[in-house]
Amino acid sequence: MKLAHRLLLQSLAIVAVMVVSVVVIIDNQLHSSITEQAIQDLAGEARFLATQWKPGVDPDSLADQAGVATGHRITLIDSTGQVVGDSEFDGPALQGLENHSNRPEVIEARKSGIGSVRRMSPSTGEEQLYVAVKAPRGVARVSVTTKTVEELFARARSGVLVA
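Residues numbered from 1 in each chain as written. Predicted model: local features only at pLDDT ≥ 70, side-chain atom pairs only at ≥ 80, totals over all residues. Heavy atoms only, no water.

1. Topic: the overall build of the protein
Item 1. Scanning the protein from N- to C-terminus turns up five helices and five strands.
Item 2. Starting at the N terminus, the α and β elements of the protein follow one another as α-α-β-β-α-α-β-β-β-α.
Item 3. On C-alpha atoms alone, the protein measures out to a radius of gyration of 22 Å, which is more than a quarter above the 15 Å that the 2.2 N^0.38 rule sets for 163 residues.
Item 4. A principal-axis box enclosing the C-alpha atoms of the protein has dimensions of 85 × 30 × 25 Å.
Item 5. The buried share of the protein, reckoned over its 163 residues, is 36%.
Item 6. The long-range share in the protein, meaning contacts at least 24 apart out of those at least 6 apart in sequence, stands at 49%.
Item 7. For the protein, the accessible surface area stands at approximately 9400 Å², while carbon and sulfur atoms represent 61% of it.
Item 8. Once the 16 positive and 18 negative side-chain charges of the protein are each reduced to a mean point, those two points are 9 Å apart. (Helix = DSSP H or I, 4+ residues; strand = E, 2+ residues; numbered from the N terminus. Rg over C-alpha atoms; globule rule 2.2 N^0.38 Å. Buried < 20%, exposed > 50% of the residue type's maximum accessible area, 1.4 Å probe, protein only. Contact = heavy atoms within 4.5 Å. Areas by Shrake-Rupley, 256 points an atom, 1.4 Å probe, with all protein chains shown as cover. Lys, Arg positive; Asp, Glu negative; His and termini not counted. Charge placed at Lys NZ, Arg CZ, Asp CG, Glu CD.)

What follows is the structure, given as structure tokens:
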């Protein structure tokens, strides 16, 4: 093989490695950005929900209405960790939910005002992105399945790759 061909192949290999490296870096940054934006959006919803959770307002009805309006799971947790409202559970199922005071996002929200975590939900059996904020009556939490976040990422990734 001629020297020119070898140099061309080596140059193409270097360019290919550089392109793959750039795509991987952009992919990671895009994923982080989308996850962070999802957390910020859910935190805004939770903060708004906390302002609506007032004395005399039925927390389960509020959670149900907010869940319909946002399309996200809404959970209202009183100061003892008892779930008093959840958009996906009513009646006996709501009463049967375990105490949430030891959930990592709830602990963090009580400590610093906001907490977020990605973990499996013992209640639904799906991996969720949870964002909780401290509220005057306890903790307001909003969550989405991580599948939803990954779908956003996949659409954004395909847009970047097409460009």
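What follows continues from the structure just given.
2. Notes on helix α1 (residues 3-52)
Item 1. Relative to the 74 Å expected for 50 residues at 1.5 Å per residue, α1 spans 74 Å between its end C-alpha atoms, a close match to the ideal helical length.
Item 2. Within α1, the full set of buried residues consists of Asp27, Leu30, Ile34, Thr35, Ala38, Ile39, Leu42, Ala43, Ala46, Leu49 and Ala50. (Expected span 1.5 Å × (residues − 1).)

3. Concerning the pairing of strand β5 (residues 138-145)
Item 1. Of all eight residues making up β5, eight are buried, and the element is well covered by its neighbours.
Item 2. Pairing analysis gives six bridges linking strand β1 (residues 73-78) to β5, with the strands arranged antiparallel. Across the sheet, Leu76 pairs through a bridge with Ala140, a residue of β5.
Item 3. As defined by bridge partners, strand β4 (residues 127-135) adjoins β5 across eight bridges and the pair is classed as antiparallel. Note on β5: the bridge partner recorded for Gln128 is Thr145.
Item 4. Counting the residues in the hairpin turn of β4 and β5 gives two residues. (Pairing = 2+ DSSP bridges.)

4. Some points on the sheet that holds strand β3 (residues 114-120)
Item 1. The five strands lie next to each other as β2-β1-β5-β4-β3, forming an open sheet whose pairing is antiparallel. Strands with a single pairing partner mark the edges of an open sheet, and in this sheet they are β2 (83-86) and β3. Recorded for the sheet is a direction-independent mean angle of 20 degrees between the axes of neighbouring strands.
Item 2. Its contacts with the sheet place helix α2 (residues 59-70) against β1 and β2, and it is angled at close to 30 degrees to β2.
Item 3. Its contacts with the sheet put helix α4 (residues 104-112) on β1, β3, β4 and β5, and the angle it makes with β3 is roughly 175 degrees. (Axes fitted to C-alpha atoms, helices over the stretch in contact; angles between N-to-C directions.)

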